[in-house]
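In case you want the letters, here they are:
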Amino acid sequence: MLVFFTIMALIFLIAGGIGLFYTNVNLGSGSTLWVFGNITFGVFTIVGIALIIFLALFNQEFD
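Structural notes, computed from the coordinates.

Conventions we followed
Residues numbered from 1 in each chain as written. Predicted model: local features only at pLDDT ≥ 70, side-chain atom pairs only at ≥ 80, totals over all residues. Heavy atoms only, no water. Helix = DSSP H or I, 4+ residues; strand = E, 2+ residues; numbered from the N terminus. Contact = heavy atoms within 4.5 Å. Polar contact = N/O pair within 3.5 Å; in protein donor to acceptor, adjacent residues only side chain to side chain. Phe/Tyr/Trp six-rings, centres within 6.5 Å; stacked < 30°, edge-to-face > 60°. Buried < 20%, exposed > 50% of the residue type's maximum accessible area, 1.4 Å probe, protein only.

Some remarks on the environment of F44
1) Next: Looking at where F44 falls in the secondary structure, it is placed in helix α2 (residues 32–57).
2) Next: The residues contacting F44, other than those within four sequence positions of it, are F12, L13 and G16.

Structure below.
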């Protein structure tokens, strides 16, 4: 499970980071798509960071 959650955290983090970069570079600030893109990809990034922090704090695997 540790490897699975690590891979999922990295997928969320990378997808959120790429989405935030794309949203903030290509869309006009203040537009509806810009706001929704920042909310959506920001949540992906936060979930990825939270999973990594959770795995760092509680890294024991239980049998």
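So much for the structure itself; the text now carries on.
Describing the environment of V3
1) Next: Tracing the backbone shows V3 in helix α1 (residues 2–26).
2) Next: Spatially, the C-alpha atom of V3 lies 34 Å from that of W34, the residues being 31 residues apart in sequence.

Comments concerning the side chain of T23
1) Next: Within the secondary structure, T23 sits in helix α1.
2) Next: Within the local environment of T23, its side chain forms a polar contact with the backbone oxygen of G19, the two atoms lying 2.7 Å apart.
3) Next: Those residues within four positions of T23 in sequence are excluded, and the remaining contacts are L33, W34, G37, N38 and F41.

A look at the packing of aromatic side chains
1) Next: This model, assessed by the stated rule, comprises four aromatic pairs.
2) Next: Ring plane angle 55° and centroid distance 5.6 Å describe the contact between F4 and F5, whose orientation is recorded as tilted.
3) Next: When its relative accessible area of 32% is taken as the criterion, F5 is described as partly exposed.
4) Next: On the numbers, 5.9 Å between centres and 35° between planes, the contact of F12 with F44 is tilted. Separated by 32 residues along the polypeptide, F12 in helix α1 and F44 in helix α2 bring together distant segments of the chain.
5) Next: Under the relative-accessibility criterion, F44 is labelled partly exposed at 31%.
6) Next: Within the aromatic cluster, the residues linked to one another by ring pairs are F12, F41 and F44.

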